[in-house]
Amino acid sequence: YIGNFHAPPIEPLDNHHLSIHDLEAIKVIGKGSSGTVQLVRQKWTGQFFALKVIQLNIQESIRKQLAQELKLSLSTQCQYVVTCYQCFYVNGVISIALEYMDGGSLADFLMTARTVPEAYLAAICKQVLKGLMYLHHEKRVIHRDLKPSNILINHRGEVKISDFGVSAIISSSSAQRDTFTGTFNYMAPERISGQKHGYMSDIWSLGLVMLECATGNFPHPPRGSFYELLEDVVDQPSPSAPSDQFSPEFCSFISACVQKKATNRSSAQILSAHPFLSMYDDLNVDLAVYFRTAGSPLVTFK
Ligand code: ADP
Ligand code: MG
């Protein structure tokens, strides 16, 4: 069965002229706020890609911004960020050929695993932080839409950040706002309230994602409307990890991420030296095995 857990590792592409006509669709593997994601295979090489298809009817200015952002995505080279191989723009449809991550997203994984034990979370978080350090400190970009469905995993135990910039632009573009089905859930107070946001807004999102993975629940109480969520995020105390269920190191890590005031949060670089990340090093956890077996013996990688 194609693309299953035993699929061969994805080789780096030596072909810079990936043509959309050479890609054959295999199946739809995901639906998100901006469109669908298909598993496709390049006819000649047999190589798999995830093709993100975005149907857009957007203003010229947004299309330009998007093109800029996609150009940036194409230039990222980091093993902790999902590779973007090629973008196509045909008849108002944007298609982006991405590195195929056969474990799907953390959002998918959480549906079967329910919760992620601290030792595994530390191993996952180390990789996410390396991706964030690359984006923040090397590329000087803010992700803007860090959430469980934008953290992807594969059968080699690799964890990578995807969709920086792109989905954020689409979700905030006026043409798409009516149909926006994405989430404000992981947005930092400064961002959700429409103020200036920066690198530290991603750190807030990281804290919420880690907390959700640990507890199995989204950290804010369920709310019916955007305004109720906004009120919670802005006016209520920051979410925190229950100290009777989690290590002091983990609680401290979360607290370093979800400070209300952006300047009180720790940078990706500072966080990567946090004691939580090294406290389980002796266990030598194997994320490849964990991703394969957690939650259910029947977990099938897409
Ligand atoms: P979202 O707004 O939820 O991030 P996406 O369209 O980016 O929506 O992704 C939707 C789903 O598609 C993800 O949860 C994941 O299951 C799947 N997906 C996205 N990108 C990839 C990829 N590169 N490899 C494998 N699966 C992917
Ligand atoms: Mg995404």
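Please read these numbers as outputs of a predicted model, since none were measured by experiment.

What counts and what doesn't
- Residues numbered from 1 in each chain as written.
- Chains lettered and ligands numbered in written order.
- Predicted model: local features only at pLDDT ≥ 70, side-chain atom pairs only at ≥ 80, totals over all residues.
- Near = placed C-beta within 6 Å.
- Helix = DSSP H or I, 4+ residues; strand = E, 2+ residues; numbered from the N terminus.
- Nonpolar A, V, L, I, M, F, W, Y, C, P; charged D, E, K, R; others polar.
- Domains from an automatic or database assignment.
- Pairing = 2+ DSSP bridges.
- Buried ≥ 20, exposed ≤ 12 C-beta atoms within 10 Å, placed from the backbone.
- Arc of directions from axis to C-beta.
- Axes fitted to C-alpha atoms, helices over the stretch in contact; angles between N-to-C directions.
- UniProt positions renumbered as here; feature names shortened; annotations may be inferred.
- Contact = placed C-beta atoms within 7 Å.
- Expected span 1.5 Å × (residues − 1).
- pLDDT = per-residue confidence, 0-100.
- Core = buried A, V, L, I, M, F, W, Y, C linked by C-beta atoms within 7 Å.
- Parallel < 35°, antiparallel > 145°, perpendicular 65-115°, else oblique.
- Left-handed = near helix turned anticlockwise from the far one by under 90°.

K.L.:
Break down the site of ligand 1 for me, citing the residues and quoting the values.
P.N.:
Near ligand 1 lie 25 residues; those nearest to it are Gly-30, Gly-32, Ala-50, Ser-105 and Ser-149. Of all the elements in the fold, those that place two or more residues in the shell around ligand 1 are strand S1 (23-31), strand S3 (48-55), strand S5 (93-99) and helix H2 (106-113). If you tally residues by element for the shell around ligand 1, the top one is S1, at three residues. For the shell around ligand 1, the class distribution of residues is nine nonpolar, 11 polar and five charged. When residues of the shell around ligand 1 are assigned to domains, at least three fall in each of domain 1 (15-99) and domain 2 (106-294).

K.L.:
Requested: an account of the pairing of strand S2 (residues 36-42), with residues and values cited.
P.N.:
Alignment of S1 against S2, held across seven bridges, turns out to be antiparallel. Following the sheet pairing, Lys-27 is matched in S2 by Leu-39. Two elements, S2 and S3, share six bridges in a ladder whose sense is antiparallel. Its bridge partner lying in S3, Val-40 is registered against Phe-49. Hairpin geometry of S2 and S3 is characterised by an intervening segment of five residues between the two adjacent antiparallel strands and by a positive phi of about 75° at Gly-46.

K.L.:
Could you give an account of H2, with specific residues and numbers?
P.N.:
Residues that lie three or four places apart on an α-helix share one face, since the helix turns once every 3.6 residues. All of the buried residues along H2 are Leu-106, Phe-109 and Ala-113. Along the axis of H2, the buried residues cluster in a sector spanning 60°; they form a single face. Looking at the residues trailing H2, positive phi occurs at Arg-114, about 70°.

K.L.:
Please set out the sheet that holds strand S4 (residues 84-90) residue by residue, giving values where relevant.
P.N.:
Taking strand neighbours across the sheet as the criterion, the five strands line up as S1-S2-S3-S5-S4 in an open arrangement whose pairing is antiparallel. Of all strands in the sheet, those bounded by a partner on one side alone are S1 and S4. Averaged over all adjacent pairs, the angle separating strand axes in this sheet is 25°, with direction ignored.

K.L.:
How would you explain the UniProt feature "binding site: ATP" (unreviewed entry) in the protein chain if you had to name every residue and give the values?
P.N.:
Under the present numbering, the feature "binding site: ATP" (unreviewed entry) in UniProt falls on Lys-52. You can call Lys-52 buried: it has 23 C-beta atoms within 10 Å. Leave out the neighbours within four places in its chain, and Lys-52 touches Gly-35, Val-37, Ser-95, Ile-96 and Leu-98.

K.L.:
Outline helix H3 (residues 118-138), supporting the account with residue identities and numerical values.
P.N.:
With 21 residues, H3 extends 28 Å from end C-alpha to end C-alpha; this agrees with the ideal 30 Å at 1.5 Å per step. Looking one or two places after H3, you find Arg-140, whose phi comes out positive at around 60°.

K.L.:
Would you mind going over the confidence of the model for the protein chain in detail, with residue names and values included?
P.N.:
On average, the protein chain scores 85 in pLDDT, and the residues at 70 or more come to 85%. For the stretch residues 1-15, pLDDT sits under 50, and the model shows 20 contacts to residues farther than four places along the chain or on other chains. Here residues 174-180 is a poorly scored stretch, pLDDT under 50, and it has eight contacts once near neighbours within four places are set aside; other chains count.

K.L.:
Which residues make up unusual backbone geometry, and what values go with them?
P.N.:
A positive phi is found at Arg-114, a non-glycine position, where the angle reads about 70°. Following the sequence through the fold, Arg-114 ends up in the loop between H2 and H3.

K.L.:
Please give an account of the nonpolar core that cites residues and values.
P.N.:
Phe-49, Leu-121, Ile-124, Val-128, Met-210 and Ala-214 are the most contacted members of the largest nonpolar core, which totals 68 residues. Here this core spans two domains, and each of domain 1 (15-99) and domain 2 (106-294) adds at least three residues to it. Setting aside anything within four residues of it in sequence, one finds Leu-121 in contact with Val-116, Met-210, Cys-213 and Ala-214.

K.L.:
Residues and numbers for the packing of H3 against helix H7 (residues 199-215), please.
P.N.:
Put simply, H3 and H7 touch, their axes get as near as 11 Å, and they point 165° apart. Relative to H7, H3 is oriented roughly antiparallel. Note on packing geometry: the crossing formed by H3 with H7 is right-handed. Residue-level inspection shows Glu-118, Leu-121, Cys-125, Val-128, Leu-132 and His-136 of H3 in contact with H7, the latter providing Tyr-199, Asp-202, Leu-206, Met-210, Cys-213 and Ala-214. Residues that form the contact of H3 with H7 fall into these classes: nine nonpolar, one polar and two charged.

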